[in-house]
Amino acid sequence: MKRIFRHYMFPGFLVSVVCLTGCKKQNDFLNAKPNQGLAIPSNLNDMQLLLNNENIFSNNYPSLGEISSDDFYVPTGVWNSVGAIEQNTYIWAKQIYPANSNVGDWNFSYQQVYYANSILSGLVNIPKNSGNTTQYNKIQGGALFYRAIAFYNLLQTFSMPFDPKTSSTDLGIPLRLSTDLNAKVNRSTVSKCFDQIESDLNSALPLLPDLPGLKTQPSKAAVFGLLSRIYLVLGDYQQSLDNANNFLKIYNTLQDFNKLDPTAYPVYANYSPEEVFHSSLLGYSIEIDGIVDSTVYRSFNNPNDLRPSLFFYNYNGDLLYNSQYDQQNNISSTISTNEMYLNKAECEARLNNQSQAMQDLNTLLITRWKAGTFVPYSATSADNALIQILSERRKELLFTGLRWSDLRRLNKDTRFAITLYRNINGVTYSLPPNDIRYALPIPDNEIALNPIPQNPR
Amino acid sequence: MALLWPKRTQIKLKIPLFLISALGLLPAINLYAQDRNKTILSGVVLSSDDQKPLPGATISILNSKVKTTTNIIGGFRFLTADTSGYLTVSYIGYKIAQLRFNPKNTGPYRILLVPDASELKEVVVSTGYQTLPKERATGSFVLVDSTLINRRVSTDVLSRLEGIVPGLIFNRNTSSSASGSLDLSIRGQNTLFSNNQPLIVLDNFPYDGDINNINPNDVASITILKDASAASIWGVRSGNGVIVITTKKGKINQKLSVEFNTNLTIGNKPDLKYDPNYLDANDFINVEETLFKTGYYSSTLNSGYKIVSPVVQLLANAQAGSISQADANTQINALRNLDVRNDIEKYFYRKSVNQQYNLNFRGGGNKSDYYLSLGYDNDLSNQVGYSNGRITINSNYNFYPYKNLQFSAGIYYTKTDNQTNNTVGAINSINGKSQIYPYAQLADANGNSLAIVHDYSLNFVNSASNAQLLDWNYRPLDELRNADNTLGEFDNRINLGLKYNLHKGFSAEVKYLFEDSQGLTNDYYSENTYYTRNLINKFTQTDNTGNVTYPIPVGGILQEDNASLLSQHLRAQLNYSNSLSAKGSLTAIVGSEWSSAVNKSDSPAPVYGYDGDTQANYAHIDYLDYYGLTPRGTGSSQIPNGQSFSETTDHFISYFSNTAYTYDSKYTLSLSGRIDHSNLFGVNTNQKAVPLYSAGTSWDIAKESFYRVDWLPMLKLRATYGYNGNINKSATAVTTISQQSNSYYSGIPYAIIANPGNPDLQWEKSRMINLAVDFSSKNQIISGSAEFYFKKASNLFADTQLAPSSGFSSFFGNTANTSGHGIDLSINSHNIYTPRFKWLTAFNYSYVIDKVTKYSDQSTVTSFLTQGDGNTGVITPLVGAPLFGIYSYRSGPLTHNTGDPQGYLNGQLSTDYSSIIKNTGVDGLLYNGPSRPTSYGSLRNTFSYKDWSLSFNIIYKLGYYFRKSSIQYSALYSSWLGNKDFTKRWMKPGDELTTTVPSMQLPPVDNNRDLFYTFSQTLVENGNNIRLQDITLNYDLTKSLWINSPFNSLTVYGYVNNVGILWRANHDGLDPEVYSLAGGGTTSLPLPRTYSIGLKSNFK
C-alpha cells in the first residue's frame, strides 16, 4: 500500500496541477459575471435593448446650427438670460464655449456613435442563423443608420459646407469606428466622411424593414430619406431624387391640416403621421424663447394656408413656435413625407422637369390649405419652379433643424445666398454667405485630449 | 519564566537521575570527605515543551565564579563553597532560570527551561504559502509573537498590533474608523481610489469574512509583510501589505497541555462633553430670543408643522397672548441650566463590560497532533442596548498515517449574536437640524420618559392624536426600551490539507478551504416604536366624509436582511528545501491556486402589520399608488418597498513561485513571481497578464572572516526590489450594460452602458525598493533593524478626462501614479538584564510620505477644503501634493471695528467673502500640510522584577495637521449646530487681539462668511501628539504554587488601555485622533479608558 501510494502520489499530483492550469474550465471560471446586476452584452436581446435606448439614439441631436440659423430671433432681454454657449452661438462669436465646458452637441452625437459601435462590435461575436437573421439584420442595420445620422449631424455642425472642389482636403470630423476609448482619431476629410456615411447607409439598407415598428427606429424608408437629404447637400440631384422616390414608394402619407386641432398641445399626441423617423434636438432655452422672424411670418401670405395657425402661437404679442414640439417638449427633428416631396420637387426642377416639380409641390401644399380652397401653383420655367419650391421649403420646414443645412448649401448659389443679421444690445452682428463661421468650433476639451485641428473662426 | 521542580518529580525521571547519581556519587563522597564545607549541587536541565535534555546549558551560581555546563543527557553536578544561594541556568534560545539552594535542598533538581521567542532562536516567518527562517528572508517581515500579541486585552486580533509594528499605523481620525471599522495603513498608501486595506491571511488563505470573528486566544503569531519581496507572493492583493495570522497548533509527541485564559474589561463612559460642537443652554436661549425679535422664525411658525424649539414656541405663545410674557419667561429661565448631555449620558451610556473566556487543549502522539479551543466572549458596549456575544470553536488536527504523508483538517466556527438597540443617534437626527437643542429633557424628575422635537413641531404632533392618528411624539427613552434589532452571524471555515514528502527535500501538497458565512439582520419595529407610528401616520388617508384608512396597516413592521459569503480556495504546491552542496541550500515553492468568493445580500420587502407575538401580518400592501402624505404639504409617496438583491462574484486563478538560495549562511538570493487572473477583467486582459515579481538579496557581513567588530556580532544587509498589485472591482475590461424600463419615447425596456469596456485595463502596480540593515550588539544589549524604502505606484485607477469623441467625457482607468518613501526603525535594548531585574526597551520609529505624481482630473476648491484630508474616505489628488492634506483659505486677523474674519483678495486683506471664494482657485489655497501622521511610532518599556513585570507603551504621531470646528452662525441659527467657540467670539473692538472667533452676525446671515471662516487657516491646528496607550502589570504565581497544584503555570495580570494624552501640540484640548467632519456636525468621541484584569493558566 505504501509503495503504491508513493508511486502514484507524485504523478497524480502533477496531473492535477496540469489540469488546474490547462483545463478549458479556466476560461469559464474567469468569465463569471462579477456583479449580477450587470450584464456583459453578449446576445441579440442585449443588443436590442441597447438599440432601444431612445435617450441616446433619438434625443439630443445637435442644435447649435438651429441657433445659428434664421428660424428665430430673440430680444436682448432674453439673450441676456441664456447661457454663454447659446449667447455666443447666436451672435456667431469667435469664441463660443466657456473654459472647461462640455458641449452637448458634440458629446451626445459621439455618445450615439459609441453606442452604435458597441452594438456593431458586439454583433460580430454573435452567430447569425436562420432563426435570428431578421432580428440580427434589424439590429445591425439600425446601428449603422444611427451611426451614419450622428456623423452626418456632426458634419453639418462642425465642418464647412460641402464643396466638390475642396471636399477631398476640407476637414470633416473624427470618424470613430471602434469602441476603443483611448484611440486618438484625427479629422477625416469631408469627402471621406460622406463616403463613410454613404457606406453605412448602403450597408444598412438591405438589412432593415421597409417601415419601423416604432417611429424612433430605423427603416428602409428612413435610410432613403436620409440619403435623399445627403445627396441634396452633395448637389447630386439625380440620386437625391431617386432616394426621395424610393422613400415615397414605401410611404407617402401626408397629414391633412384641416384635421388638426391648433389649440392642442402638443399638436401631435404621439408623432406626426408624416414621420418615418423621429428624433429631437438638444434643448437650449434660447430656442424655446425664440420668436418667429416677421418676414418669414409674412411670407405665409395666403389666408387659406392653415400652417400659421398650427406652426405658431401668440404669446404676449410674440409669435413662438408651436407644432414643431414633440410629446416630450423637444424640437422635432424628423425624416418625413413633407421633406421628401420638397426634395423631390427641388430635384425635378433642378433636373429641368418643371411640371413634375410643380406637381410634387402641389401634392404637398393641397394638404396644408383649407379644404376646397387650394389653387395649384404653376411655374414659368424650371428656374421659376425652383424659386417657388425653395420658398415653400423655407416655410414648410421651419424650426426642424434643417434650415442650417439649407443655408450652407444654398449660399453656394449666388441667387439664393443671404447674409444673416442679429441685433443685440444695439450692436448688429452679421454672417455673410460662406463665412468660415458656418463651421462651429470644435469643443476645446476635445482638442486638448485628442489633438485635432480647430476650425478657423 | 523557568519552571522549577525540586525533588518531588524525581520518580518520573528515573533514568537521568539514576545516571547522574551513578556518574557523580562516588567522587562526591570523596570530595565530601575532603571538605565538609562544600555543597554538592546536581540535576538535569530539560526543555519545558518536549521534556528533552538540553546538553551544554550553562549552570552558574549567582555572584560567584563557579560555573559548569550540562552533559550530553542534560545532567550536571558540581561543588560550591556556598551553602545557600541562587543557581542560574541559561541556554541559548531559552529563558534564564533561577532557583534557590540551601543546605536542606541541594538537588538533584529537575530544571525545565521555557523557550524564549524573543531570544535568537530560529525565528520563523510565515508568508501564508511557506514558513521560512527569518535569517534566510531578504524581505521586510515583522514577526509578532504570542507574548506581544497577548500583551494587550481585546476581543479582536488586529487592534493588538497597534503601536508595536514599525510601519503599521491605525488611522483613528477617519470616518471609517469612527464607524467601527479598522482602518490600517502599512507604509502609507499606494492607491487612490481602490481598496486601501491590507490583505488578511488566516492560516494559508485570505480571510474573506469578518475579522472580528477571530478569537485572539487562538493566535500563535502574526507576520506582517511590508515590502515587495515579502508580499509579492500574494500578487494583486498585496499592494497594501499583508498580515498573516497563524493559529495555534498541536505538536507531534507533545503531552497534553491545557490552557485556560479569562479576563474582564471595564470601560469608562465616553466623555460626551469632549465634543466642541455644543453651546450651553443659556447662550443658546439668548440667541433664540435675539433671533425671535428679528422675526427669524415667523415663516416656520406659520407652517404649523415645521420644527421650532420649545423656547421659540414659548416666545410665540407669549406673543400671541396664549400665555403671559411672565409665565413664558419663568418657563424659559427654568430651561437655562439644563444640559441634555447629562440626560444622554445617564440613560444612553453605561460602563462597558467585556468578558472573555478561552479554554484550549493541545498535544500529540507519534502519528497525530491536535489543537482544540473553545472561546466565549460577551461584550456589553458603553452604549446601552449594544451587546455582542461570540462563541468560537477552533479545532485543528494533523494525522501522519504513513511515513512522509500528512493529512490535516481544521474547522473554525464562529457564532455571534449582536443586539443593536441603541437609539442615541436618533436624538440628534431631527428633521433639518444637526443637533438637539441643549436644554432638551429626556426624562422628568421621576424618570418618566419625555417627548422631544423630532420630525414636526410639538404643537402639530400634539394636535395630531385627535385626528385619528397614532401618537406622534418622539420619546427617546421609550425608543431605547422598544428597540428590537439583532444581528446574528455565523462563520464556518473548514481547512483540508494533504502533504507528501517525496525524497530528497521535495514535498507536494494540496490545500483546500471552504468558508461559509451568513449574517441575518432582524429589525422589528413594534407598533410602539416611533418608526412605525410615524410611517403609519404619514400614509393615513382621510376622505371628505372624515373616514380614515390606513394604507400601512396599524401594527408592527419587520425588516429582515440577509448577507452571505461563500468562498472556496484550492491550492496545489510543490516545495523543495534541501542542501545542494556542502555550503549552498535551496528553498523553493511553485504552485497554483483557484479561488472563488460569492457575496450575496438580500433585503426583501418589509413585513407590514407584523405582530411579533403571533407572527401574523397583512398580505395586501399597495406599493404602486402614490399617497398624499400627512401633514399636508409634505408631498406624496409610495409605500416604502425597500427590496434589493445583489450578488457579486470574485474569481481568481493564480500561479506563483518563490525561490531562495543561501550560500555559506552568508549570502541569500531570493526571487518570487506571481501571475493573477480574475473574472473582473475578463479573459482578454488576463491573457496579457503581467507578472508581479520581486528579487532580494541579503549579506550577513558578521559571518565574513574579515569581520572583526566584537561589539557588533550581528550585522546583516538586505535589499529587495519588486512589484505588488492592487485591484479595483468597479472597473471592468468588458463593456457592461444595465437594463432599464421605460425608454424615452416608446416606454419600452432598454439598456444603458453601465461601464464602458476598456480592454487596456491593468492591475494597479506598486514598486518598492527596500534597503535594510539588521544589527545586534554583544549580548543583545542593543539590537534592531533600520529599513529604507522607495515606492512608485503606477497604473492607479482614477477618473480621467477623455476626448468626448470617444463617447465619454471622463473615464475611470489606469491613469494615476504616486510615489513615496519612508523609514522604519526598530530598536530593542536590554538596558538592565540581570536574572532578578530586567529593563527592556523597544523603540519604533516610522516616517512615510506619499505624493501624487500623475493625475489628470482636477477637483474643485470645495472638495479640497471639505475632503482634502481624506478622512471622509475620499481622496482629492493634486499632482505634487501628498495624498492626504489640509487645505485652507489664507486668512488674516479679525477686523477691528466689526470682528469680521479677513481673507485675501488679489493679495489684499478683504471681507468680500463671495469674491474671495469665487476668485480662489486650487492654486490660491493654502496647503497647510499632511493630514496623516508622517512620523509615528512607539516606545515600550518593560520592567520585570522577580515574578512581577510591568510594561507600558507610549505612541507618538507627528508631522500632521487637522482642522478644528468652530462656530458657524448660519448653522447655529438654522440647524442648532452649536460650538463652544461662541463664548470666545469677538464682541467689541480690541477683542481681535485676543480671539480669532468672528463676531455674531444677525440675520440675514452671510453664509459665505461662515464658509470662509470654517475653512480658513485660522482653524488649522498641528496634530502632533504623544499618548500613553496602555499599561500592563503581570504577576507570575507559578513559583508560589503549592506542591500539588494542578497548574504548570499561572499568571494574573492587570491592563489599562487608552490611558491618556501625554502631550499635544494644540491648545484647545482636542484629540487629533478623533474623527471630526470639516465644518462640524459629526464629531466622534475619544476612546474611553478601559481597565482589565485577567488570568492565564496552564494545567498539568
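Being a predicted model, the structure only gives us computed values, none of them experimental. (Residues numbered from 1 in each chain as written. Chains lettered and ligands numbered in written order. Predicted model: local features only at pLDDT ≥ 70, side-chain atom pairs only at ≥ 80, totals over all residues. Heavy atoms only, no water.)

Overview of the overall build of chain A
Link 1 in the chain: On a plain count of helices and strands, chain A comes out with 20 helices and 10 strands.
Link 2 in the chain: The proportion of buried residues among the 457 residues of chain A is 58%.
Link 3 in the chain: Taking all contacts inside chain A whose residues are at least 6 apart in sequence as the whole, residues at least 24 apart take part in 70%.
Link 4 in the chain: Accessible area of chain A: about 18,400 Å², with a carbon and sulfur share of 52%. (Helix = DSSP H or I, 4+ residues; strand = E, 2+ residues; numbered from the N terminus. Buried < 20%, exposed > 50% of the residue type's maximum accessible area, 1.4 Å probe, protein only. Contact = heavy atoms within 4.5 Å. Areas by Shrake-Rupley, 256 points an atom, 1.4 Å probe, with all protein chains shown as cover.)

Let's talk about the sheet that holds strand E15 (residues 205–206) of chain B
Strand pairing in a sheet is mediated by backbone hydrogen bonds. Such pairs are either parallel or antiparallel.
Residue and element names in this part refer to chain B.
Link 1 in the chain: The strand order across the open sheet formed by 5 strands is E11-E16-E17-E14-E15, and the pairing between neighbours is mixed. In the strand order of this sheet, the two ends are held by strand E11 (141–144) and E15, each with one partner.
Link 2 in the chain: Of the pairings in the sheet, the one linking strand E14 (residues 199–202) to E15 comprises 2 bridges and is antiparallel in character. Within E15, the position partnered with Val201 by the bridge is Pro206. (Pairing = 2+ DSSP bridges.)

Description of the pairing of strand E47 (residues 935–945) of chain B
Residues and elements named next belong to chain B.
Link 1 in the chain: As paired elements, strand E41 (residues 837–854) and E47 share 11 bridges and run antiparallel to each other. Across the sheet, the residue bridging to Ala842 is Arg940, located in E47.
Link 2 in the chain: Direction of pairing for E47 relative to strand E48 (residues 948–958): antiparallel, over a ladder of 11 bridges. The partner of Ser935 across the bridge, within E48, is Leu958.

Let's talk about the packing of aromatic side chains
Residue and element names in this part refer to chain B.
Link 1 in the chain: The full count for this structure, using the stated rule, is 61 aromatic pairs over all chains.
Link 2 in the chain: The ring of Tyr278 has Arg341 sitting right over it, with the charged end atom 3.5 Å from the ring centre.
Link 3 in the chain: Over the ring of Phe884 we find Arg932; its NZ or CZ atom is 3.8 Å from the centre of that ring. (Phe/Tyr/Trp six-rings, centres within 6.5 Å; stacked < 30°, edge-to-face > 60°. Lys NZ or Arg CZ within 6 Å of the ring centre and 35° of its normal.)

Some words on the interface of chain A and chain B
Link 1 in the chain: The interface is formed by 61 residues belonging to chain A together with 61 residues belonging to chain B.
Link 2 in the chain: Overall, the association of chain A and chain B removes approximately 5,500 Å² of surface from exposure, summing both partners, and the carbon and sulfur fraction of that is 66%.
Link 3 in the chain: Counting the contacts that link chain A with chain B gives 0 salt bridges.
Link 4 in the chain: Viewed at the interface, chain B and chain A are joined by 16 residue pairs in polar contact (both at pLDDT 80 or more).
Link 5 in the chain: Taken together, the elements giving at least two residues each to the side of chain A that touches chain B come down to helix H1 (2–22), helix H2 (25–30), helix H3 (44–51), helix H4 (54–57), helix H8 (104–124), strand E4 (275–280) and helix H20 (444–449) of chain A.
Link 6 in the chain: Sorting elements by how many residues they give to the side of chain A that touches chain B places H1 of chain A first, with 9 residues.
Link 7 in the chain: Among the residues making up the side of chain A that touches chain B, the classes are represented as 25 nonpolar, 26 polar and 10 charged. (Buried area = accessible area lost by both parts, 1.4 Å probe. Salt bridge = Lys/Arg side-chain N within 4 Å of Asp/Glu carboxyl O. Polar contact = N/O pair within 3.5 Å; in protein donor to acceptor, adjacent residues only side chain to side chain. Nonpolar A, V, L, I, M, F, W, Y, C, P; charged D, E, K, R; others polar.)

What about the side chain of Glu515 of chain B?
All names here are of chain B.
Link 1 in the chain: Here Glu515 shows up in strand E24 (residues 506–525).
Link 2 in the chain: In this structure Glu515 comes out as buried when scored by relative accessible area, which is 0%.
Link 3 in the chain: Look past the residues within four positions of Glu515 in its chain and what remains in contact with it is Tyr207, Asp208, Gly209, Asp491, Asn492, Arg493, Leu565, Leu566 and Ser567.

Some thoughts on empty space enclosed by the protein
Residue and element names in this part refer to chain A.
Link 1 in the chain: On inspection of all chains with the given rule, the structure shows 17 cavities of 30 Å³ or more.
Link 2 in the chain: The computed volume of the largest cavity comes to approximately 370 Å³.
Link 3 in the chain: Every residue lining the largest cavity is counted, 27 residues in all, and those nearest its centre are Tyr268, Ser272, Thr334, Asn338 and Thr400.
Link 4 in the chain: Of all the secondary structure elements, the ones that give two or more residues to the lining of the largest cavity are E4, strand E8 (332–336) and helix H16 (337–350).
Link 5 in the chain: No other element matches the 5 residues that E8 contributes to the lining of the largest cavity. (1 Å grid on protein atoms, 1.4 Å probe; cavity = no way out; pocket = protein on both sides within 12 Å on 5 of 7 lines; lining within 4 Å. Points joined across faces, edges and corners; volume = space filled by probe spheres on them.)

Regarding helix H13 (residues 530–539) of chain B
Link 1 in the chain: Burial analysis of H13 of chain B places 8 of its 10 residues in the buried class, which makes it a mostly covered element.
Link 2 in the chain: Three or more residues of H13 of chain B are buried, namely Tyr530, Thr532, Arg533, Asn534, Leu535, Ile536, Asn537 and Phe539 of chain B.

So, helix H9 (residues 133–158) of chain A
Link 1 in the chain: Here H9 of chain A spans 37 Å end to end across 26 residues, near enough to the 38 Å set by a 1.5 Å rise per residue.
Link 2 in the chain: Here H9 of chain A lies mainly inside the structure; 21 of its 26 residues are buried. (Expected span 1.5 Å × (residues − 1).)

Some words on the sheet that holds strand E7 (residues 97–101) of chain B
Residues and elements named next belong to chain B.
Link 1 in the chain: Strand order across the open sheet formed by 4 strands is E4-E3-E6-E7, with antiparallel pairing between neighbours. The open sheet is flanked by strand E4 (67–69) and E7, the only strands paired with a single partner. Taken pair by pair, the neighbouring strands of this sheet meet at an average axis angle of 20°, ignoring direction.
Link 2 in the chain: Alignment of strand E3 (residues 58–61) against strand E6 (residues 85–90), held across 4 bridges, turns out to be antiparallel. Within E6, the position partnered with Ile59 by the bridge is Val89. (Axes fitted to C-alpha atoms, helices over the stretch in contact; angles between N-to-C directions.)

Overview of the nonpolar core
Link 1 in the chain: Among the nonpolar cores identified, the biggest contains 136 residues, and Phe145 and Phe194 of chain A are the most heavily contacted of them.
Link 2 in the chain: For this core, the element with the most residues is H9 of chain A, which contributes 14 residues.
Link 3 in the chain: Excluding residues within four positions of it along the chain, Phe194 of chain A makes contact with Tyr152, Leu155, Gln156, Phe162, Ile230, Val233 and Leu234 of chain A.
Link 4 in the chain: Counting 54 residues, the second-largest nonpolar core is a separate cluster that includes Ala440, Tyr530, Tyr973 and Trp976 of chain B. (Core = buried A, V, L, I, M, F, W, Y, C linked by side-chain atoms within 4.5 Å.)

Looking at the pattern of salt bridges
Link 1 in the chain: Scanning the model with the defined rule gives 61 salt bridges over all chains in all.
Link 2 in the chain: Sharing partners across several salt bridges, the network here consists of Glu274, Asp305, Arg307, Arg368, Glu392, Lys395 and Glu396 of chain A.

A few points about the packing of helix H11 (residues 220–234) of chain A against H16 of chain A
Two measures define how a pair of helices packs: the angle their axes make with one another and the distance between the axes.
All names here are of chain A.
Link 1 in the chain: It is at 10 Å that the axes of H11 and H16 come closest, and there the two elements cross at 40°. Our classification of the angle between H11 and H16 gives oblique. Judged by the twist between their axes, the crossing of H11 over H16 is left-handed. Contacts between H11 and H16 pair Gly225, Ser228, Arg229 and Leu232 from the former with Glu339, Met340, Asn343, Glu346 and Cys347 from the latter. (Parallel < 35°, antiparallel > 145°, perpendicular 65-115°, else oblique. Left-handed = near helix turned anticlockwise from the far one by under 90°.)

Structural notes on the confidence of the model for chain B
Residues and elements named next belong to chain B.
Link 1 in the chain: Confidence in the prediction of chain B, expressed as mean pLDDT, is 87, and 94% of residues score 70 or more.
Link 2 in the chain: In the model, residues 1–35 has pLDDT below 50 throughout and makes 51 contacts with residues more than four positions away in sequence or in other chains.
Link 3 in the chain: Reported confidences for the modelled complex are a pTM of 0.79 and an ipTM of 0.90. (pLDDT = per-residue confidence, 0-100.)

Description of unusual backbone geometry
Link 1 in the chain: Of note, the amide linkage connecting Thr630 of chain B to Pro631 of chain B takes the cis form, showing an omega dihedral of -5°.
Link 2 in the chain: Among the secondary structure elements, Pro631 of chain B is positioned in the loop between strand E30 (627–628) and strand E31 (636–637).
Link 3 in the chain: Pro1003 of chain B connects to Pro1004 of chain B through a cis peptide bond whose omega is 0°.
Link 4 in the chain: Residue placement: Pro1004 of chain B occurs in the loop between helix H17 (969–975) and helix H18 (1007–1014).
Link 5 in the chain: Positive phi values are uncommon outside glycine, yet Asn352 of chain A reaches one of about 70°.
Link 6 in the chain: Position of Asn352 of chain A among the secondary structure elements: in the loop between H16 and helix H17 (354–365).
Link 7 in the chain: The backbone phi angle of Asn425 of chain A is positive, close to 55°, even though this residue is not glycine.
Link 8 in the chain: Mapped onto the elements of the fold, Asn425 of chain A is located in the loop between strand E9 (420–424) and strand E10 (427–431).

Considerations on the environment of Ala842 of chain B
All names here are of chain B.
Link 1 in the chain: Relative to the helices and strands, Ala842 resides in strand E41.
Link 2 in the chain: Here the alpha-carbon distance between Ala842 and Ser829, two residues 13 residues apart in the chain, equals 6.5 Å.
Link 3 in the chain: If we skip the residues at most four places from it in the chain, Ala842 touches Ile827, Asn828, Ser938, Leu939 and Arg940.

Observations concerning the side chain of Lys791 of chain B
Residues and elements named next belong to chain B.
Link 1 in the chain: Along the chain, Lys791 falls in strand E39 (residues 782–801).
Link 2 in the chain: Accessibility expressed as a relative area gives 4% for Lys791, which makes it buried.
Link 3 in the chain: At 2.7 Å, the side chain of Lys791 and the backbone oxygen of Arg187 are in polar contact.
Link 4 in the chain: Of note is the side chain of Lys791, whose polar atom sits 2.8 Å from the side chain of Asn190.
Link 5 in the chain: Excluding its chain neighbours within four sequence positions, the residues that come into contact with Lys791 are Arg187, Gly188, Gln189, Asn190, Arg767, Met768, Thr818, Ser819, Gly820, Val848 and Asp850.

Quick word on the environment of Ser146 of chain B
All names here are of chain B.
Link 1 in the chain: Secondary-structure assignment places Ser146 in helix H2 (residues 146–149).
Link 2 in the chain: When its relative accessible area of 28% is taken as the criterion, Ser146 is described as partly exposed.
Link 3 in the chain: On a C-alpha basis, the gap between Ser146 and Lys248 in space is 9.6 Å, while along the polypeptide they are 102 residues apart.

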